[in-house]
Structure formats: C-alpha cells, structure tokens
Amino acid sequence: MLLQLNPAIPVITPNGKALAHVLIDYGPEYDLVWVCFGENSECWSWRNQDIKADANITFGRPKLSK
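Sequence positions are assigned chain by chain, starting from 1 and proceeding in written order. Only residues with pLDDT of at least 70 are given local features in this predicted model, and only at 80 or more are side-chain atom pairs given and counted; all residues enter the totals for whole chains, interfaces and linings. Remark: hydrogens and water are excluded; side-chain values derive from all non-hydrogen atoms of the structure.

A. Region of the structure containing the pairing of strand β1 (residues 2-13). Two strands are said to pair when DSSP picks up at least two bridges between them. Helix and strand labels come from DSSP, where a helix needs a run of H or I of at least four residues and a strand needs a run of E of at least two; each type is numbered from the N terminus. In terms of strand pairing, β1 meets strand β2 (residues 16-25) through eight bridges, oriented antiparallel. Across the sheet, Ile9 pairs through a bridge with Ala20, a residue of β2. Hairpin connection, β1 to β2: the antiparallel pair is bridged by two residues. Where β1 lies against strand β5 (residues 52-53), two bridges are found, and the strand directions are antiparallel. Among the inter-strand pairings, Ile12 is bridged to a residue of β5, identified as Lys52.

Written as structure tokens, this is what we have:
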C-alpha cells in the first residue's frame with residue numbers, strides 16, 4: 001500500500017532533517033518505508049525504526065535531546 005502524506009511530515013533521518021512525502025507498507029512481515037526528501041533535495045527511503053518525528057511545538061512534541 002502506498003500512502004501520499006498531505007501535508008508532508010517533518011522527520012529526522014540518519015542524514016539529517018527531511019520531509020516525509022510517501023509511506024509504503026509492504027505488509028505484516030516488513031517494516032514501513034518512509035520516502036523522504038532531505039534539505040539537500042535528495043530522496044531517500046528509510047525504515048520506520050530509522051526516523052523520528054521532528055519537533056512540533058503546536059502538538060507539544062519537544063526538540064529531541066542528544
């Protein structure tokens with residue numbers, strides 16, 4: 001199943017900040033795959049466990065501490 005995210009979701013990936021535009025679900029025996037475009041406009045696909053939601057003050061999600 002392919003799901004276009006509208007609006008895109010700001011996430012933090014192993015390559016830095018990005019916007020997730022598409023979510024791919026291959027089924028119950030696979031990880032979710034997030035298709036993200038980074039700040040340098042590169043497109044990467046990340047497993048669910050590799051990304052985190054970026055901070056969002058409106059929704060009460062604080063900045064991640066390192």
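B. Region of interest: the packing of aromatic side chains. Centres within 6.5 Å make a pair out of two Phe, Tyr or Trp rings, where for Trp the six-membered ring is used; the pair is then stacked when the planes are under 30 degrees apart, edge-to-face when over 60, and tilted otherwise. Inspection of every chain in the model, using the stated rule, returns two aromatic pairs. With a centroid separation of 6.3 Å and 65° between ring planes, the pair formed by Tyr26 and Tyr30 is classed as edge-to-face. Just as Tyr26 is exposed, Tyr30 falls in that class too. An angle of 25° between the planes, with centres 5.7 Å apart, marks the rings of Trp44 and Trp46 as stacked. Exposure classes here rest on a 1.4 Å probe applied to the protein chains alone. A residue is buried below 20% of its type maximum, exposed above 50%, and partly exposed in between. Given a relative accessible area of 12%, Trp46 falls into the buried group.

C. Quick peek at the side chain of Asp54. Looking at the secondary structure, you find Asp54 in the segment after β5. Relative accessible area serves as the criterion here: at 13%, Asp54 is assigned to the buried category. In this analysis, two residues are considered to be in contact whenever any of their non-hydrogen atoms come within 4.5 Å of each other. Other than its neighbours up to four places away in sequence, Asp54 contacts Pro10, Val11, Ile12, Lys17 and Arg61.

D. Representation of the environment of Asn6 in the model. Following the sequence through the fold, Asn6 ends up in strand β1. You can call Asn6 exposed: its relative accessible area is 74%.

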